[in-house]
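Here are the chains, one letter per residue:
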Amino acid sequence: FMIKNWDKISSKFLIENKIFKLREDRVISPKKESEHPVWVIDTPNWVNIIPITENNEVILVNQHRFGTEQLSLEIPGGMVDEGEDPKTAAIRELSEETGYTSSEVIEIGRVESNPALMSNHTYSYLALNVSQTEEQKLDGMEDIEILKRHIDEIPSLIEKGEIEHALVICAFYFYNQYLSKGH
């Protein structure tokens, strides 16, 4: 027996806003040939970026997250604008959220953000030798504190639950893979 994709027989948007669209699809199980409703969140691709200074300090952002209703320690990141290249978006988010820039930005990985419910990908980047060259450019929904932590502290921050954002942890996994390849 080989697993098969489910056929979609209809699709309609239930909610649409500038961040996401909630879609209801009707699908047919290839195994039981039964019809089921499923819900999908269509959202733009996301990016995150690990900014590291020449002194091996990671520039982290601490901000309130509405889903958990708590502060979240993360790396800079955000949505890819329509028609924008993910690398360009990562560089933009780094600059807007922190004021830091780099001329050495490398794509280190891509994941499906949450394939059970979401249609997008998250791209992870590494920015080397970052320096603060400008001021933060925060929008009305952003209130971001910038923190610096040595790269060697990151595993401990994850282990202690100070960094819990799954996509941030994925980015540090990709960073470790990047290093293991001799970079």
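Look above for the structure.
Residues numbered from 1 in each chain as written. Predicted model: local features only at pLDDT ≥ 70, side-chain atom pairs only at ≥ 80, totals over all residues. Heavy atoms only, no water.

1. A closer look at the overall build of the protein
Now for step 1: From N to C terminus, the protein includes three helices and twelve strands.
Now for step 2: Dimensions of the protein, computed from C-alpha atoms along their principal axes, come out at roughly 60 × 40 × 35 Å.
Now for step 3: Restricting to contacts in the protein with at least 6 residues of sequence separation, those with at least 24 account for 57%.
Now for step 4: Carbon and sulfur atoms make up 50% of the accessible area of the protein, which totals about 11,300 Å².
Now for step 5: Charge centroids of the protein, computed over 18 positive and 32 negative side chains, lie 9 Å from each other. (Helix = DSSP H or I, 4+ residues; strand = E, 2+ residues; numbered from the N terminus. Contact = heavy atoms within 4.5 Å. Areas by Shrake-Rupley, 256 points an atom, 1.4 Å probe, with all protein chains shown as cover. Lys, Arg positive; Asp, Glu negative; His and termini not counted. Charge placed at Lys NZ, Arg CZ, Asp CG, Glu CD.)

2. A word on the sheet that holds strand β1 (residues 7-16)
Now for step 1: Reading across the sheet, the three strands line up as β1-β2-β3 and stay open at both edges, with antiparallel pairing between neighbours. The open sheet is flanked by β1 and β3 (35-42), the only strands paired with a single partner. Going across the sheet, the axis of each strand differs from the next one's by a mean of 25°, ignoring polarity.
Now for step 2: As paired strands, strand β2 (residues 21-28) and β3 are joined by eight bridges and run antiparallel to one another. Paired with Glu 24 across the bridge in β3 is Trp 39. (Pairing = 2+ DSSP bridges. Axes fitted to C-alpha atoms, helices over the stretch in contact; angles between N-to-C directions.)

3. A few points about unusual backbone geometry
Now for step 1: One non-glycine residue, Glu 33, lies in positive phi territory at about 55°.
Now for step 2: Tracing the sequence through the fold places Glu 33 in the loop between β2 and β3.
Now for step 3: Judged by its relative accessible area of 67%, Glu 33 is exposed.
Now for step 4: Here the phi dihedral of Asn 129 falls at roughly 55°; this positive angle occurs in a residue that is not glycine.
Now for step 5: Mapped onto the elements, Asn 129 comes out in the loop between β10 (121-128) and β11 (131-132). (Buried < 20%, exposed > 50% of the residue type's maximum accessible area, 1.4 Å probe, protein only.)

Remember, this is a structural readout, not a statement about activity or role.
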